[in-house]
Amino acid sequence: MTRPLPSEEPEEARGAVPVGAGEPGAAPPRDKGADRAAVRAFRPQRRVPAIVVAVLLTLLGLLVAAETISALAGSPLRWLPYDRMLAWATTTPWSDPLFLTGAAIVALVGLALLVTALVPGRPRMVPVRTGDPDLIIGVRPKSFTRALEHAAEEVPGVRSAHASLRGHTVAVTPATSGWDDEGFGRAVREAVLTRLAGLDPVEPYRVAVNVKERR
């Protein structure tokens, strides 16, 4: 049985708790330039959509060039049915369903490509702070969540724990039995936040804890 904690979370649950700069093992100093470099380094490059668009535009350009050159030479290739296309364009009104359907398809394809280019994809690594723009370090998401699972499992009474990344939220599900859900959840959250502070990810993460009872 899973019992979600109350929605109220302490302020530090929104991300990693900073470690004092003067303490042993302190986190690296925050440098915005270094943080931006780390995020860019592990951002998906959208290679597949870019290759598809590049190939289609190249083929279209070659087709137009071939038709133009052949027409200038006096022997048009006529790979495209110009006469029928021109006749259809001059006799088809703007309100024609076929025309509207084609325009909608083209618009949707263009919008999908635009969204693909603008919306950031899921990063391959979780960038961690180094304080140096020339030193970029990333942690595999599986290793990142596993470290947080270990932190949760160190809390007395936790039999096992599972952590997963959902955007900028770390969802932790510890399994226990016979403990006060609310107090136990706070202890798990504090342990996970402490480990987050040690990892010091560039981007902030909030922690959501759902206590799972085992009988």
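Residues numbered from 1 in each chain as written. Predicted model: local features only at pLDDT ≥ 70, side-chain atom pairs only at ≥ 80, totals over all residues. Heavy atoms only, no water.

**Brief notes about the overall build of the protein chain**
When helices and strands are counted, the protein chain shows 6 helices and 6 strands. Along the protein chain, helices (α) and strands (β) appear in the sequence β-α-α-α-α-β-β-α-β-β-α-β when read from the amino end. Relative to its 215 residues, the protein chain shows a buried fraction of 26%. Within the protein chain, residue pairs in contact and separated by at least 24 positions form 66% of the contacts whose partners lie at least 6 positions apart. When the accessible surface of the protein chain is totalled, it reaches about 14200 Å², and 63% of it is carbon and sulfur. (Helix = DSSP H or I, 4+ residues; strand = E, 2+ residues; numbered from the N terminus. Buried < 20%, exposed > 50% of the residue type's maximum accessible area, 1.4 Å probe, protein only. Contact = heavy atoms within 4.5 Å. Areas by Shrake-Rupley, 256 points an atom, 1.4 Å probe, with all protein chains shown as cover.)

**Observations regarding a positive patch on the surface**
Side chains of Lys32, Arg36, Arg40 and Arg43 sit close together on the surface and give a patch of like positive charge. On the secondary structure map, Arg40 appears in helix 1 (residues 32-41). (Patch = residues over 30% accessible without salt bridge, like charges linked within 9 Å, V, L, I, M, F, W, Y side chains within 5 Å. Salt bridge = Lys/Arg side-chain N within 4 Å of Asp/Glu carboxyl O. Lys, Arg positive; Asp, Glu negative; His and termini not counted. Charge placed at Lys NZ, Arg CZ, Asp CG, Glu CD.)

**Concerning a nonpolar patch on the surface**
On the surface, Leu108, Leu111, Leu114, Val115, Leu118 and Val119 cluster together to form a nonpolar patch covering roughly 590 Å² of accessible area. Examined against the element boundaries, Leu111 turns out to sit in helix 4 (residues 97-118).

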